[in-house]
Structure formats: C-alpha cells, structure tokens
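Survey of secondary and tertiary structure
Letter by letter, the chains look like this.
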Amino acid sequence: MTEPEAEPARPALPRPPGAAATSGSVHGDIAMLAARLFAAPMSLVAIAAPPRLQVVGVCGLAADEAGCAEVLVETAVRDATVVWDAGVDDRPVLPWGVRFHVTAPILSPDGRALGAVCVMDRTPRLGVSEPQAGALQALARLAGAELERQRQAADVTAHVQTEAQLREREASFRYLFDQNPNPMVVCAVRSFRVLAANEAALRLYGYTREAFVGLSVDNIRVPPPDAAARPPLPAHGPGVSFVRVATHRRRSGATFPADIRASAIVFGGRPAWLTVVRDITDQQRAQAQLAEAEAKLRQSQKLEAIGHLTGGIAHDFNNLLTVILGNVELLQESQPPDSAGAELLAVVARAAERGADLTSQLLSFARRQALAPHQVDVNALLHKMHALLARSIGEHIVTAFAPGADLWPALIDPAQLETAVLNLVVNARDAMPDGGTITVSTRNVSIDSAAGQPDAAPGDYVLVTVADTGTGMTADVLGRAFDPFFTTKEPGKGSGLGLSMVYGFARQSGGHVRIESVPGAGTRVLLHLPRAAHEKPQAPDPGERGTRGPGGHESILVVEDDARVRAIVEAHLRGLGYHVLVAGNGIEALDILMGPARIDLMLSDMVMPGGLTGLQLSEQALRIRPGLRVLFASGYSQDALEPPHGQDDGKRLLRKPYRRGELAARIRELLDAPG
Ligand SMILES: Nc1ncnc2c1ncn2[C@@H]1O[C@H](COP(=O)(O)OP(=O)(O)OP(=O)(O)O)[C@@H](O)[C@H]1O
Ligand SMILES: [Mg+2]
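Residues numbered from 1 in each chain as written. Chains lettered and ligands numbered in written order. Predicted model: local features only at pLDDT ≥ 70, side-chain atom pairs only at ≥ 80, totals over all residues. Heavy atoms only, no water.

So, on to the site of ligand 1. Residues in close proximity to ligand 1 total 20 residues, the closest being Thr487, Thr488, Lys489, Ser495 and Leu497. Contacts to ligand 1 include Leu499, whose backbone N or O atom sits 2.9 Å from an oxygen atom. Within the complex, the protein chains bury 91% of what would otherwise be the 590 Å² of accessible surface of ligand 1. Of all elements in the fold, only helix H9 (414-430) and helix H11 (498-508) reach the threshold of two or more residues within the shell around ligand 1. Of the residues in the shell around ligand 1, the class split is eight nonpolar, ten polar and two charged. (Near = heavy atom within 4 Å. Polar contact = N/O pair within 3.5 Å; in protein donor to acceptor, adjacent residues only side chain to side chain. Areas by Shrake-Rupley, 256 points an atom, 1.4 Å probe, with all protein chains shown as cover. Helix = DSSP H or I, 4+ residues; strand = E, 2+ residues; numbered from the N terminus. Nonpolar A, V, L, I, M, F, W, Y, C, P; charged D, E, K, R; others polar.)

Spatial ordering of the open sheet is given by S13-S15-S16-S18-S17, a layout of five strands whose pairing is mixed. Two strands bound the open sheet, and with one partner strand each, they are strand S13 (397-402) and strand S17 (512-518). Averaged over all adjacent pairs, the angle separating strand axes in this sheet is 20°, with direction ignored. Here S17 pairs with strand S18 (residues 522-530) via seven bridges, running antiparallel. By the bridge assignment for S18, Ser517 is matched with Thr523. Packed on one face of the sheet, H11 meets S17 and S18 and runs near 140° to S17. (Pairing = 2+ DSSP bridges. Axes fitted to C-alpha atoms, helices over the stretch in contact; angles between N-to-C directions. Contact = heavy atoms within 4.5 Å.)

Before going further, it helps to examine the nonpolar core. Generally speaking, a soluble globular protein has its nonpolar side chains buried in company with each other. The biggest cluster of nonpolar side chains holds 43 residues, and the ones touching the most others in it are Val378, Leu382, Leu417, Ile438, Leu527 and Leu529. Ignoring any residue separated from it by four or fewer positions in sequence, one finds Val378 in contact with Leu407, Ala410, Leu417, Thr442, Val462, Val464 and Leu529. If you look at the next biggest cluster of nonpolar residues, it comprises 23 residues, including Ala201, Tyr207, Ile220 and Ala264. (Core = buried A, V, L, I, M, F, W, Y, C linked by side-chain atoms within 4.5 Å. Buried < 20%, exposed > 50% of the residue type's maximum accessible area, 1.4 Å probe, protein only.)

What follows covers the packing of helix H1 (residues 26-38) against helix H3 (residues 130-179). At a minimum axis distance of 10 Å, the contact between H1 and H3 shows a crossing angle of 175°. As far as their axial angle goes, H3 and H1 are roughly antiparallel. Residue-level contacts link Val26, His27, Ile30, Leu33, Ala34, Leu37 and Phe38 of H1 to Gln132, Ala135, Leu136, Leu139, Leu142, Ala143, Glu146, Leu147 and Gln150 of H3. Tallied by class, residues from the contact of H1 with H3 come to twelve nonpolar, three polar and one charged. (Parallel < 35°, antiparallel > 145°, perpendicular 65-115°, else oblique.)

This next bit is on the packing of aromatic side chains. Taken as a whole and assessed by the stated rule, the structure comprises seven aromatic pairs. Residues Phe173 and Phe177 carry aromatic rings whose centres are separated by 5.8 Å and whose planes lie at 20° to one another, so their mutual orientation is stacked. On the criterion of helical spacing, the pair formed by Phe173 and Phe177 is a turn pair, its members being four residues apart in helix H3. Ring geometry for Phe242 against Trp273: centres 5.0 Å apart, planes inclined by 80°, an arrangement best described as edge-to-face. Of this pair, Phe242 sits in strand S9 (residues 241-249) while Trp273 sits in strand S11 (residues 270-279), and the two are 31 residues apart along the sequence. Look at Phe242 and you get buried, because its relative accessible area is 15%. Overall, the relative accessible area of 3% leaves Trp273 in the buried class. Put simply, the rings of Tyr205, Tyr207, Phe212 and Phe256 pair up and form one aromatic cluster. (Phe/Tyr/Trp six-rings, centres within 6.5 Å; stacked < 30°, edge-to-face > 60°.)

Turning to the sheet that holds strand S6 (residues 184-188), a few remarks are in order. The antiparallel open sheet is built from six strands, whose spatial order is S7-S6-S11-S10-S9-S8. Taken across any chain shown, the strands that pair with only one partner, and hence form the sheet edges, are strand S7 (194-197) and strand S8 (221-222). Seen against the sheet, helix H6 (residues 281-334) touches S9, strand S10 (255-267) and S11 and runs at an angle of roughly 130° to S10.

This part covers the UniProt feature "modified residue: 4-aspartylphosphate" (unreviewed entry) in the protein chain. UniProt records the feature "modified residue: 4-aspartylphosphate" (unreviewed entry) at Asp605, using the numbering of this structure. Tracing the sequence through the fold places Asp605 in strand S21 (residues 601-605). Leave out the neighbours within four places in its chain, and Asp605 touches Val559, Glu560, Asp561, Gly614, Ala633, Ser634 and Lys656. (UniProt positions renumbered as here; feature names shortened; annotations may be inferred.)

What follows is about the environment of Thr399. Along the chain, Thr399 falls in strand S13. Given a relative accessible area of 18%, Thr399 falls into the buried group. Between the C-alpha atom of Thr399 and that of Thr437, which follows or precedes it by 38 residues, the distance is 5.7 Å. The contacts of Thr399, once residues within four sequence positions are left out, are His386, Ala390, Ile393 and Ile438. A distance of 3.4 Å separates polar atoms of two side chains, one belonging to Thr399 and the other to His386.

Another point: the side chain of Arg221. On the secondary structure map, Arg221 appears in strand S8. Within polar-contact distance, the side chain of Arg221 engages the side chain of Asp218 at 2.7 Å. Once residues lying within four places of it in the same chain are set aside, the contact partners of Arg221 are Phe192, Arg230, Thr247, His248 and Arg249.

Looking now at the pattern of salt bridges. Applying the stated criterion across every chain, the model contains 23 salt bridges. Residue Arg668 pairs with Asp672 through a salt bridge whose shortest N-O separation is 2.7 Å. With Arg668 and Asp672 both in helix H15 (residues 660-672), this residue pair falls four residues apart, about one helical turn. With a relative accessible area of 14%, Arg668 lands in the buried category. A network of salt bridges, in which partner residues are shared, links Glu148, Arg151 and Asp155. (Salt bridge = Lys/Arg side-chain N within 4 Å of Asp/Glu carboxyl O.)

We now examine the environment of Thr613. Structurally, Thr613 is set in the loop between S21 and helix H14 (614-624). Not counting residues up to four positions away in its chain, the partners in contact with Thr613 are Met606 and Met608.

With 17 residues, H9 should reach 24 Å at 1.5 Å per residue; the first-to-last C-alpha distance of 24 Å fits that figure. If you check which residues of H9 are buried, you get Pro414, Gln416, Leu417, Ala420, Val421, Asn423, Leu424, Val425 and Ala428. Of the residues flanking the start of H9, the one acting as N-cap is Asp413, its side-chain oxygen 3.1 Å from the backbone nitrogen of Ala415. (Expected span 1.5 Å × (residues − 1).)

Structure (structure tokens):
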C-alpha cells in the first residue's frame with residue numbers, strides 16, 4: 001500500500017452550496033479509510049439523489065469535482081454489486097486519468113442500493129485481494145448505517161416540527177371558533193351530542209357552556225311536521241358539507257328559523273359536524289314583506305291598467321246617456337201625464353239612469369270621475385246617511401255609527417263619498433244573509449311612512465271604516481275584489497262595480513282603501529280620505545234631481561263640442577226661459593265673448609278638442625269680461641286636479657250626465673250668488 005499522492009493541480013471549480021461533508025463527517029472518514037485500504041489517491045462516498053448524485057464524503061478530491069465519478073456510482077447502484085474493475089480502463093468518461101477503480105454499493109436495510117463507496121487510482125492494478133474487498137464492503141455497510149441514522153434523526157426533527165405546526169393550527173382554529181361572531185356548534189356524527197360551542201352559539205341558544213356541551217341536538221331542534229319528508233344527512237367524509245333551514249329552539253322555549261351550514265371534520269379523533277347557525281328571522285320577515293309589497297304593487301298596476309281601458313269607454317257612454325236623458329225629459333213635457341207614452345218614456349228614463357249610474361261607477365274606478373271636492377264634515381254626512389240606511393237595510397241587521405271625536409274635515413266629493421259608503425254598506429248587508437251588525441266608524445289617522453303600502457302616501461287622513469260580521473272573503477276573492485265586474489253574486493244581483501268605484505274614488509281623491517277580511521268572521525273596509533287643509537267645513541250639496549228646476553231670463557253662452565249634447569242643453573235652457581248662445585269650441589266662444597252680445601253666464605264643457613280646454617277658455621273669458629259667471633260641465637277629468645281644488649270649485653262643476661233639474665239649480669245658484 002502506498003500513501004495517496006498529492007493532488008494534481010486543477011482549475012478550481014465553484015463550490016455549490018450545501019456541498020457534501022468531507023473530513024470530519026462519518027462519510028468523509030469512510031472515504032479516507034477506503035483510500036487507505038487500497039493505498040489509492042482518490043475515493044468518494046456518494047448517494048443517489050435522483051436526478052443527481054450527492055457526494056457525502058471524499059478523499060483526494062474536491063466534493064464538487066467528484067460528480068464526474070457519477071458513472072461509477074451509477075453502475076454500482078444499478079447492479080448493487082461490488083465492481084471489481086481492476087484492470088486497465090481506458091473509458092474516456094473516467095476523469096483525472098483514472099485507470100483503476102473498485103466500487104461497493106451502499107445498501108438500505110431492505111437491500112436496495114442507495115449509493116456507493118468508490119476508490120480510484122491513476123495507476124492500473126492487476127487485482128484486488130479478498131480481505132480488501134471484504135473491508136470495502138464493510139465500509140459500505142458502515143456508510144449505509146450512517147445514512148439510516150441520519151434519516152431517523154431527520155424524521156424526528158420533522159415530527160417535532162409537525163407537532164408544533166399542529167399545535168399552532170389548533171390554536172388558530174380555537175381562536176377563530178371562540179371569537180367568531182357567527183354561532184358555531186360541533187356535534188358528534190353518531191350520537192348527535194354537542195361536543196363544543198362558541199360564545200355566539202351560547203348566546204343564541206341561551207345556555208351556559210356546561211349545560212350546552214353534552215346536550216343532544218334534539219334538545220335544540222324542533223322536528224319538522226313531516227319528518228319523513230326531510231332529506232337524509234349526507235354520509236360523513238372528508239370535504240362533505242350540507243346546508244339546511246330548520247326550526248331551532250332556545251333554552252327559553254322560543255323558536256326561530258335557523259340557516260345551518262355544516263362541514264365534516266374530525267374533532268378529538270371522532271367524526272363530527274362543524275355547524276354554523278344563523279337566526280334568519282329578520283331575513284325571512286324582510287322577504288315576506290317584500291313579497292307582500294310586490295303583490296300589492298302588481299295588484300295596483302293591474303287595476304291601473306283596467307282603469308285606462310274602462311275610462312275611455314265610459315266617457316263616450318256618458319255623452320250618449322246625456323243625449324238620451326235629455327231627449328226623454330223634453331219628450332216627457334209633451335206627453336199628458338198617465339198616458340201610455342208617458343209610461344214608456346218613464347221606463348226609458350229609468351233604464352238610462354241605471355246606465356248613467358253604472359257609467360259613473362266605471363268612471364270612478366278609472367279615476368276619471370269629474371270630482372267636485374269640498375271640505376266635508378264626514379261625521380255630519382254619515383250621520384245623515386245613517387238614519388236613511390238604518391231604515392232601508394233590513395230588520396235582521398243592526399247598523400251602528402261610531403263617529404270619531406274632533407274629526408278633521410276631508411277634501412272629497414261628498415256625493416261620491418255617499419255612493420262609496422252606500423256600496424260598502426250594501427256589500428256588508430249581502431254578506432250577512434242571516435243577520436249581523438254593520439258598524440260605520442270614523443277617526444283621524446296620520447301615516448308616517450308608506451312601508452308595505454305602495455298606495456298610501458304619508459300624511460293625515462280621515463279614516464272611514466265599514467265593518468261587518470258577515471261571511472268574510474277567501475284569499476282568492478280578496479285578491480280580486482277591486483277588479484271591475486268581479487262578483488260572486490248571482491247574475492242580476494251584482495255588477496261587480498261597487499268596490500271598483502270605492503277604489504277609484506279613494507285613489508282619485510288622493511286617499512286609498514284597504515280590505516281586511518277573515519272567512520267566517522267578517523270584513524272591514526278601511527277608506528282613507530285626505531284631510532282638508534282648512535278647518536271650516538261646508539255642507540254637502542247634493543244637486544236636485546228630476547225636477548224642472550228654477551228658470552230665469554238671463555243670457556247664457558253654452559260651449560260644448562258634442563253637437564247632440566249641445567242641442568239638448570240649448571233646448572233645456574230655452575225651456576227654462578233663458579236666452580241661449582252656443583259655441584262648438586273655445587275659439588268660437590271667444591269670438592262671441594268679444595262681440596256685443598249680453599252674456600251673464602258661460603256653461604262650458606271641461607274637455608274639448610281644438611286647442612282650448614274649459615279651464616283655459618274660462619281664464620281668457622274672464623280677461624275679456626271680468627265678473628262673468630262660469631259653470632263647467634264634465635263627465636270626465638284627466639286627473640284629480642282638474643278642476644283645481646278650491647273653496648268654490650265644487651260649486652262650479654256640473655257632472656255629466658246631468659238632469660235638467662240639476663242644471664237649472666246650478667245655473668240659478670251661480671247667477672244669484674253675490675258678487
Ligand atoms: N263585506 C263583504 N263581505 C264579503 N264579501 C264581500 C264584501 N264586499 C265585497 N265582497 C265580495 O267582493 C265581490 C265584489 O264586490 P263589489 O261590491 O265590487 O261587487 P258586487 O257587490 O258583487 O256587485 P255590485 O256592488 O256592483 O252590485 C262581491 O261579489 C263579494 O264576493
Ligand atoms: Mg257591491
């Protein structure tokens with residue numbers, strides 16, 4: 001054996017980080033012993049760390065140069081045998097002029113080759129002795145044992161690290177669980193017992209931790225009415241989760257709807273569900289309110305649409321009925337009383353009046369009724385009606401009137417209010433075939449916000465309630481009660497326009513109406529009327545009907561675009577003794593007004609084609625002839641603001657179709673008014 005030679009001078013290569021240990025390490029010592037064993041200048045211990053070779057010990061070489069011996073180690077690893085390649089070796093891949101090498105594999109405890117111990121010389125040799133070979137294999141076993149020791153040591157470190165990480169994770173989880181504002185409960189999969197709960201959950205359910213943990217989930221859960229229909233829980237397993245809505249119970253016994261989100265976890269080594277519980281009472285209430293508001297909005301949009309449709313038709317009918325009634329009244333004058341002709345005309349007049357009533361209801365519903373709003377003392381009006389109703393409603397029904405104290409005046413058309421209340425009282429009577437009580441009451445109400453009531457604007461209202469103890473309405477009937485022509489009554493008994501009229505009247509007046517009804521228990525209709533700004537109520541002023549009425553000799557200008565209506569009005573007024581001038585539109589009327597003719601009063605239609613409306617005409621007329629009296633006639637108003645609300649506007653409006661008596665009375669009244 002010769003001592004290892006000094007290294008030949010070679011260019012230095014950069015040393016990679018983490019380069020293998022050499023002297024001082026066990027593997028470095030093994031490399032050195034192997035070189036001594038063969039009296040060779042170079043040796044190395046390397047392990048296969050695919051895709052690279054990792055040199056863990058060298059002798060006579062720098063660790064970063066040893067990679068060149070890969071081919072030797074690879075052969076040893078592949079064959080797991082000692083390579084006795086001791087002859088002359090001219091393989092070009094062998095570096096540093098190596099001519100002799102011997103390699104022993106490092107084996108793992110289960111016999112896999114992990115690396116090799118390799119000895120090299122630049123001088124060829126003839127052979128390797130048995131003891132040398134045995135000693136080299138012993139060194140390779142030593143290297144393997146060292147590797148195993150290192151691996152076990154690394155395992156222990158890793159284990160210690162994992163434990164620390166686990167503890168850290170558990171602490172974070174604890175923190176997130178305990179401090180979480182969402183109530184969280186952990187329960188065992190099989191026993192369904194509560195294993196843990198956070199503060200928020202204890203607050204939600206109202207338990208102390210001691211009382212809560214260990215409780216069966218059945219103590220906090222209300223079984224659904226149809227437990228069989230409940231979908232089964234999913235099988236517990238990694239990544240499994242489910243969502244449920246259920247009814248839960250607090251310790252106080254109070255229940256609440258709960259949104260449950262559960263995830264499968266392992267808790268204390270046992271399969272468990274981690275559930276996040278949310279009290280969704282508010283959310284459900286908000287959803288219900290939203291749905292209700294949407295339904296109400298749809299309902300009022302539907303009524304709005306039908307209103308548009310009916311309004312136009314009713315307007316045309318009004319003019320026709322004015323013509324029919326007017327002509328009947330003229331003909332009646334020429335018939336001797338009790339004659340056959342007079343009787344026939346009376347039948348026609350009644351039919352036409354019934355037609356006029358229906359049209360009027362339709363116009364009310366369509367909010368196209370020409371309203372004559374006054375400040376009305378609603379209590380006085382109802383008091384007067386009550387005496388009348390009590391007599392006519394039938395003996396088996398008790399009628400009561402409960403007037404509210406200090407009732408505000410309402411700004412409404414009193415004749416329309418009478419019709420509306422009549423419709424409601426008749427409905428109440430019809431709902432009580434076996435008798436009962438109708439109560440009409442009034443009181444002041446202030447509405448602060450329109451929450452849930454799309455129709456109700458905030459403000460002050462005079463509330464008129466008509467309540468009965470009758471059959472009540474099913475939800476289906478209630479949903480359609482305001483629809484025009486919706487009736488549950490036998491043919492001929494009801495037209496289905498009563499509530500439609502009430503609805504339109506309330507809305508057009510700037511109020512609203514609502515029905516509360518319980519099948520079998522009765523119905524309440526709440527009619528909200530707008531409060532009048534001024535406190536001085538005026539007496540309602542129902543026009544005279546069916547009489548000839550007072551006449552006069554003044555001069556009257558009639559402005560009306562419908563020729564047939566114009567002819568009737570002219571005939572009536574002449575019959576009453578007046579001097580009459582006629583105009584077919586506003587322009588013609590202005591022509592006459594600017595002329596010399598005497599005119600004491602102008603009777604003008606409200607809605608006219610051809611540029612000027614009745615209101616615009618009256619403004620210009622008053623400029624030409626200040627002090628001129630003006631009476632408007634209309635069966636139709638574009639909206640509730642026409643004519644403008646005011647103290648006297650109600651008196652200046654004649655609603656079509658009007659009877660001759662009303663026409664005569666209004667004209668006389670205006671002509672006789674001072675100033
Ligand atoms: N007080 C009530 N109690 C029970 N059901 C009612 C009441 N008021 C109205 N209804 C129901 O609403 C439907 C519509 O009422 P509405 O007043 O619009 O028409 P009508 O009474 O049937 O006919 P009309 O009033 O035109 O003669 C009625 O047919 C009835 O089914
Ligand atoms: Mg009715």
